[in-house]
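Structural features, examined
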There are 2 protein chains.
Amino acid sequence: MTTPLNLRQLSTASPEFEAEFQRVLHWSAETDAAIETRVAEILADVRARGDAAVLEYTARFDGVSAEQLGALELTREELNAAFEAITLAQRQALEAAAARVRSYHEKQKAACGQSWSYRDEDGTLLGQKVTPLDRVGIYVPGGKAAYPSSVLMNAIPAQVAGVPEIVMVVPTPRGEKNPLVLAAAYVAGVHRAFTIGGAQAVAALAYGTATVPRVDKITGPGNAYVASAKKHVFGQVGIDMIAGPSEILVLADGTTPPDWVAMDLFSQAEHDELAQSLLLCPDADYIARVRESIERLLPTMPRAAVIRASLEGRGALIQTRSMDEACSISNRIAPEHLEVSSREPHRWEPLLRHAGAIFLGAYTSESLGDYCAGPNHVLPTSGTARFSSPLGVYDFQKRSSLIEVSEAGAQVLGPIAAELAYGEGLQGHARAAEMRLRR
Amino acid sequence: MTTPLNLRQLSTASPEFEAEFQRVLHWSAETDAAIETRVAEILADVRARGDAAVLEYTARFDGVSAEQLGALELTREELNAAFEAITLAQRQALEAAAARVRSYHEKQKAACGQSWSYRDEDGTLLGQKVTPLDRVGIYVPGGKAAYPSSVLMNAIPAQVAGVPEIVMVVPTPRGEKNPLVLAAAYVAGVHRAFTIGGAQAVAALAYGTATVPRVDKITGPGNAYVASAKKHVFGQVGIDMIAGPSEILVLADGTTPPDWVAMDLFSQAEHDELAQSLLLCPDADYIARVRESIERLLPTMPRAAVIRASLEGRGALIQTRSMDEACSISNRIAPEHLEVSSREPHRWEPLLRHAGAIFLGAYTSESLGDYCAGPNHVLPTSGTARFSSPLGVYDFQKRSSLIEVSEAGAQVLGPIAAELAYGEGLQGHARAAEMRLRR
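Starting afresh in each chain, residues are numbered from 1 along the sequence in its written order. A letter from A marks each chain and a number from 1 marks each ligand, given out in the order of writing. The predicted origin of the model limits local features to residues at a pLDDT of at least 70 and limits the giving and counting of side-chain atom pairs to 80 or more, whereas totals for whole chains, interfaces and linings rest on all residues. Excluding hydrogens and water, the side-chain figures rest on all heavy atoms present in the structure.

Describing the overall build of chain A
Within chain A, the regular secondary structure consists of 17 helices and 15 strands. For chain A, the spread of C-alpha atoms along the three principal axes comes to 90 × 60 × 45 Å. A burial count over chain A gives 62% of its 439 residues as buried. In this analysis, two residues are considered to be in contact whenever any of their non-hydrogen atoms come within 4.5 Å of each other. Counted over contacts in chain A with a minimum sequence separation of 6, partners at least 24 positions apart contribute 74%. Values of accessible area rely on a 1.4 Å probe in the Shrake-Rupley scheme; residue burial ignores everything except the protein chains shown. Carbon and sulfur atoms make up 51% of the accessible area of chain A, which totals about 15700 Å². When charges are counted, Lys and Arg are positive and Asp and Glu negative, with His and the chain ends excluded. Charge coordinates come from a single atom per side chain, which is NZ of Lys, CZ of Arg, CG of Asp or CD of Glu. Put simply, chain A has 41 plus and 52 minus side-chain charges, and the middle of one group is 3 Å from the middle of the other. To qualify as a helix, a DSSP run of H or I must reach at least 4 residues; to qualify as a strand, a run of E must reach at least 2; elements of each kind are numbered from the N terminus. Only protein chains enter the accessibility calculation, which uses a 1.4 Å probe. A residue is then buried if its area is under 20% of the maximum for its type, exposed if over 50%, and partly exposed in between.

Let's talk about the UniProt feature "binding site: NAD(+)" (unreviewed entry) in chain A
Residue and element names in this part refer to chain A. Under the local residue numbering, the UniProt record ascribes the feature "binding site: NAD(+)" (unreviewed entry) to Tyr 139, Gln 200 and Asn 223. Taken along the chain, the residues just named run across 85 residues; in space they keep tight, none of their C-alpha pairs more than 12.8 Å apart. Looking at the element boundaries, Gln 200 is found in helix H8 (residues 198–207). On the accessibility criterion, Gln 200 (2% relative accessible area) is buried. Pairs of N or O atoms within 3.5 Å make up the polar contacts considered here, provided that, within protein, one atom can donate a hydrogen while the other can accept it, and that residues adjacent in sequence are counted only when both atoms are side-chain atoms. Polar contacts involving the side chain of Gln 200 include one to the main-chain carbonyl oxygen of Gly 197, which spans 3.0 Å. From its side chain, Asn 223 meets the backbone nitrogen of Val 226 in a polar contact 3.0 Å long. UniProt positions are given in the numbering used here, feature names are shortened, and annotations may be inferred rather than shown by experiment.

Points about the packing of aromatic side chains
Two aromatic rings are characterised by how far apart their centres lie and by the angle between their planes. For Phe, Tyr and Trp, where Trp contributes only its six-membered ring, two rings pair if their centres lie within 6.5 Å, and the inter-plane angle classes them as stacked under 30 degrees, edge-to-face over 60, or tilted in between. Inspection of every chain in the model, using the stated rule, returns 13 aromatic pairs over all chains. Look at Tyr 104 of chain A and Trp 116 of chain B: their rings are 5.3 Å apart centre to centre, the planes differ by 40 degrees, and that puts the pair in the tilted class. In this pair, Tyr 104 of chain A is assigned in helix H5 (residues 88–112) and Trp 116 of chain B in strand S3 (residues 116–119), connecting two distinct chains. What makes Tyr 104 of chain A buried here is its relative accessible area of 1%. Overall, Trp 116 of chain B belongs to the buried group, its relative accessible area being 11%.

Brief notes about the relation of the copies chain A and chain B
Between the two copies of the chain lies a relationship made up of a rotation around an axis and a movement along it. A residue counts toward the fit only if its pLDDT is at least 70 in both copies, and the copies are then superposed by least squares on the C-alpha atoms of those residues. With an RMSD of 0.0 Å, the operation that places chain A on chain B is a rotation of 180 degrees combined with a shift of 0.0 Å along the axis. Taken together, the rotation and translation describe the operation of a two-fold axis. Nearest to the rotation axis, the C-alpha of Cys 112 of chain A is located 2.2 Å from it, this being the minimum over chain A. Taken together, the interface assignments show that 100% of the residues at the interface of chain A recur at the interface of chain B, consistent with an identical surface on both copies.

A word on the UniProt feature "binding site: substrate" (unreviewed entry) in chain A
With numbering matched to this structure, UniProt assigns "binding site: substrate" (unreviewed entry) to Ser 246, Gln 268, His 271, His 337, Asp 370, Glu 424 and His 429 of chain A. These residues run over 184 residues, and the two farthest C-alpha atoms among them are 55.8 Å apart, placing them at more than one spot. Lining of the largest cavity among the annotated residues: His 337 and Asp 370 of chain A. Residue position: Gln 268 of chain A is located in helix H10 (residues 258–269). For Gln 268 of chain A, the contacting residues outside a window of four places in its chain are Ser 246, Glu 247, Ile 248, Ala 275, Gln 276, Ser 277, His 337 and Glu 366 of chain A. In this structure, Asp 370 of chain A sits in helix H15 (residues 366–371). When sequence neighbours within four positions are dropped, the list of residues in contact with Asp 370 of chain A reads Ser 149, Met 153, His 337 and His 377 of chain A together with His 429 of chain B. Space inside and on the surface of the protein is sampled on a 1 Å grid over the protein atoms alone, with a cavity defined as a set of points where a 1.4 Å probe fits but cannot get out and a pocket as an open set with protein on both sides within 12 Å along at least 5 of 7 lines; lining residues have an atom within 4 Å of a point.

Considering the pairing of strand S3 (residues 116–119) of chain A
All names here are of chain A. In S3, alternate side chains face the same way, and those of Trp 116 and Tyr 118 are buried while those of Ser 117 and Arg 119 on the opposite face are not. Across four bridges, the pairing between S3 and strand S4 (residues 125–132) is antiparallel. Looking across to S4, one finds that Ser 117 is bridged to Gly 127. Strands pair, by our definition, only if DSSP identifies at least two bridges between them. Hairpin connection between S3 and S4: a loop of five residues separates the two successive antiparallel strands, and Gly 123 in this loop has a positive phi of roughly 85 degrees.

Have a look at this one:
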């Protein structure tokens, strides 16, 4: 006999709702001061000693020794061999997923990653030039969170953006290489790969060493050391977001088979104990049916212990007064993954302002989006969808403003600029504008 | 008699070039540990005590006392009164600049800030929804770097993005309000404004207090305390870049009047002693003429002392072998402002990969772009143009992926997702996909 599942249930009609809701939302991103200090030391050491420091930390933390850092580079042949060694079904799945992810990101580049310019009535040209980054680094975790899908999701947008050199780092604790990760690197077209990880790999990418080239931006998930290292080197290089625990919010109108919703909640909870799975629904009977599905299906899951810990620690079933209210609560949460499990997803979608990805309709399980629908699975967590976006082609491009003021334009703009510059006490600015005026 | 100007001159043909060039480029963004600690305390205090803490720090640091934080809010009437009190020429210049900046950012929104979607052959919908942030905070420095133009450059893109609430903070040391800054806030359509500053203002915006609403993103320049505070709250809220000293690089083919180039170099150097002004040119005679202009014009500048310190400390005139070589050196520098002061700017522009803004042709002085050409003057500094972009409408929008998998699409995607999910040991993901398969 198993222990009953202690999954909390809230109702927006309850006077305690607000306080309970705050407890559900609470998650502290406090960083460990000891980790911060250790990471700062590792970064400084790699910056000073380069290859030698990276080799020492790799031997110490991963149990992987080499005479030269070059020996830890994976050749294109090794990546190819890994691809050949996996099953045919795995090869086909990786290639199908890569093709769809590539196609979506090509559409994204066409929609929002193009240079543009125009001329005003004075013949002055204004616009923006969009160019790819020269070189990017992709961090891929080793160990239990080694996800080949993350290799595709990080490398393909960079490749579509036109980045000429994509450098992957992936730790291989005790020398264990994950063949699916290597195969994904092959499929995604990673240019160089090193079996290094941790803060030392982030430092090598940010500062460059004799062997590891300095990159312009580092993306990809990692443990607390990697996250802290990325935050430290931010400014020196670009970084993507610092990811918190993964979350799903299912907004249900009661028309989806309850087992489907239960499994979607599991698919988030199984990531780790801190992952969060929430259900918002106005129908109490339906919530009870989902709970029944959860209780029935949980013992059948290989990762039942992790799922239970996640659901009990951070999960909740929330009864709302209406779907409208559910939408407004969803906006307060700004979830990473938002499933609109409804017969009328397009009725609710316009009300949903903040989410990393919105999955519309009963057939759109989050897991389809995680692997192969096409959009990126690297999404803003912990409410940061209020102000940030999925990883995309735009993260591997940057923009330069273009301005070409015509002689006629300079006559119009000069006096305006000079007036404002004198007002700010910047006479050099004013006189540079005035010099372009016809006498 | 004045001391001769000690402005360094380099030549790429010299064997010492690489070492000298590295010295010119060197700039350390090291943060002061004492400031970091002090800022962390202020942030924690404001988070814990809200209004009361903000009031105390404002009294202590700015010499401005009030019983209630609400008393430090500027009303719309006060902003309007400031606008009415400045000169007609200033009003007209502010409005003309605002109109041009607005027009450019509207073009930018149309070019790269629109939602998009498509359906694949299975009827599956894929796309991205672009929405404005709910509320943003704009930091405006007080004191010597109080620039009304910065108010326009931060607030207008937010307004064009559709942000419904723009909250400005501006310290007023000893109660001194800058009428041009207040007038600019009026013109730019800032919704609320508080006369608070420093780390305490950043904390109030990031965490919210009883009086200051919590925002989703904070943009705008500030001193070391403000920069440190922004870095600390990054993640809690979005931030724009952390700006270093301002820089200009003039790439000259020798066809622009030397006085114009000299004044353009001054217009950067006059910002502060750490600002950097560089000239790259293949023509030694022309470099000599620019140097002569600099020496002749410098004594005529009200900010001559600052300009001299900047030019001697961080400036350089660099002779290159060719314009092509000048372009490639410019790419290594990735300057904030890049003037292509040439008769053939469109010949060189395609070779220039990294720059915040590119000013094409002799009439395009940087100062025209700083105030009123239209593009934003908030640009990536210190080489960060390698991976980041001018402030823009996109900084005040975020994207949500949209996915609606059709029933037919789920049959195609399900097996792919399941194969990859089992490969990653995530059975919940796999089964969620499999449940959507027809029996």
